[in-house]
Amino acid sequence: MPVTALLGPADLPRAAALLRAGELVAFPTETVYGLGANARDARAVAAVFAAKGRPSFNPLISHFSEAGAAFAEVAADGRARELATLFWPGPLTLVLPRRPDSRIDLLTGAGLPTLAVRVPAHPLARELLRLAGVPVAAPSANRSGQVSPTTAAHVLAGLEGRVAAVLDGGPCLVGVESTVLDLSGPVATLLRPGGVSREALEAVVGPVAVGGATAGEAARPSPGMLLSHYAPGLPVRLDARCVAANEALLAFGPPLPGAGAVWQLSEGGDVVEAASRLFAGLRWLDEEGARRGLHGIAAMPVPEAGLGAAINDRLTRAAAPR
Ligand code: AMP
Ligand code: MG
């Protein structure tokens, strides 16, 4: 990875071009600095997990320059539209059902049928998103397990050399993450407290239940949430060294011969490419396997290094008895 460019407001067009080209750009929002990637580009989204050193695929929030663009990707009901009118741009993230025709990459949502969307208020973030013209997936711009950054210097301390650029917009004003509200079901559920209070939300949508992670950066989705990630209908067999004709194969490197259907994660054994193709592959093998009457999915071993750990975490969950 070349040196990380430190950019200022005058460089916004360059930052936007980098994002569009699939590079990683850290940028300020009113909450914390985000590590941005083109949310439609599987390789770019996989690179976010690699740069952060995340050991698992948490779903990422997609950022938009305005509500209309967000609601082109998710199905917004009356509650969502009213909250968007009142709190966007601002530190509120809404989790809503993904539209069937959404082109947000599956890895962005970690294979979930829902997507988290937000319109940030920071003027540099809004201008960057407008110029980029694509949804931007962005978790906090820190290495996994470290605290969220609120200055460009914090970002560089953790990610220098791992991202193409950092857009310096001075210190973040809110300094805590966005409130995450799940509106994908009939009961509005607070998944993470943040910049917009529960009371402010309840004044609009009535009682809000509390669920999921509640401790910010340190929080991981509850095991229940993780289990709700895309789970294939066909049983998954790990560490396959051979494959039967009635099995579908999730290949990594040269494929084992004889499978009924094959999805290649990465012919050349690149774990970042493999991560970018994982969720799409599980879906495809599941559908193709059902169509051809196959009995299961055999997954070839993936090394633990780098994103391999996150891939193996996901595959282990997919293979766990249900
Ligand atoms: P971060 O990207 O570090 O700000 O964290 C994003 C937060 O949003 C995490 O707590 C995620 O679990 C949550 N999140 C993102 N997408 C979804 C989703 N589709 N369903 C539920 N929670 C989500
Ligand atoms: Mg974070």
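Residues numbered from 1 in each chain as written. Chains lettered and ligands numbered in written order. Predicted model: local features only at pLDDT ≥ 70, side-chain atom pairs only at ≥ 80, totals over all residues. Heavy atoms only, no water.

Visitor: What should I look at first to understand the pairing of strand 10 (residues 189-192) in this one?
Guide: Regular strands place side chains that alternate from one sheet face to the opposite one. Across 3 bridges, the pairing between strand 9 (residues 179-182) and strand 10 is antiparallel. When the bridges of strand 10 are listed, Val180 appears paired with Arg192. Following strand 9, the chain reverses through 6 residues before pairing antiparallel with strand 10. Direction of pairing for strand 10 relative to strand 11 (residues 209-210): parallel, over a ladder of 2 bridges. Residue pairing in the sheet places Thr189 in a bridge with Ala209 of strand 11. (Pairing = 2+ DSSP bridges. Helix = DSSP H or I, 4+ residues; strand = E, 2+ residues; numbered from the N terminus.)

Visitor: In this structure, what is going on with the site of ligand 1? I would like to understand it.
Guide: Taken together, 15 residues lie around ligand 1, and Arg54, Thr114, Ala116, Pro139 and Arg192 are the ones closest in. One nitrogen or oxygen atom from the side chain of Arg54 is found 3.3 Å from an oxygen atom belonging to ligand 1. Within the side chain of Arg192, a nitrogen or oxygen atom sits 3.1 Å from an oxygen atom of ligand 1. Protein coverage of the free-state accessible area of ligand 1, which is 500 Å², stands at 89%. Among the elements of the structure, strand 6 (114-118) and strand 10 are those that each provide at least two residues to the shell around ligand 1. It is strand 6 that provides the largest number of residues to the shell around ligand 1, a total of 3 residues. Tallied by class, the residues present in the shell around ligand 1 amount to 11 nonpolar, 2 polar and 2 charged. (Near = heavy atom within 4 Å. Polar contact = N/O pair within 3.5 Å; in protein donor to acceptor, adjacent residues only side chain to side chain. Areas by Shrake-Rupley, 256 points an atom, 1.4 Å probe, with all protein chains shown as cover. Nonpolar A, V, L, I, M, F, W, Y, C, P; charged D, E, K, R; others polar.)

Visitor: In this structure, what is going on with the nonpolar core? I would like to understand it.
Guide: Inside soluble globular proteins, nonpolar side chains tend to come together where they are buried. Ranked by internal contacts, the top residues of the largest apolar core, which has 74 residues, are Phe57, Trp88, Leu92, Leu94, Leu181, Leu201 and Leu250. Among the elements that line this core, the one with the most residues is helix 9 (residues 271-291), at 7 residues. Once you skip the residues sitting within four places of it in the chain, Leu250 turns out to touch Trp263, Leu265, Leu278, Leu282, Leu285, Ile297, Ala298, Ala299, Met300 and Leu315. (Core = buried A, V, L, I, M, F, W, Y, C linked by side-chain atoms within 4.5 Å. Buried < 20%, exposed > 50% of the residue type's maximum accessible area, 1.4 Å probe, protein only. Contact = heavy atoms within 4.5 Å.)

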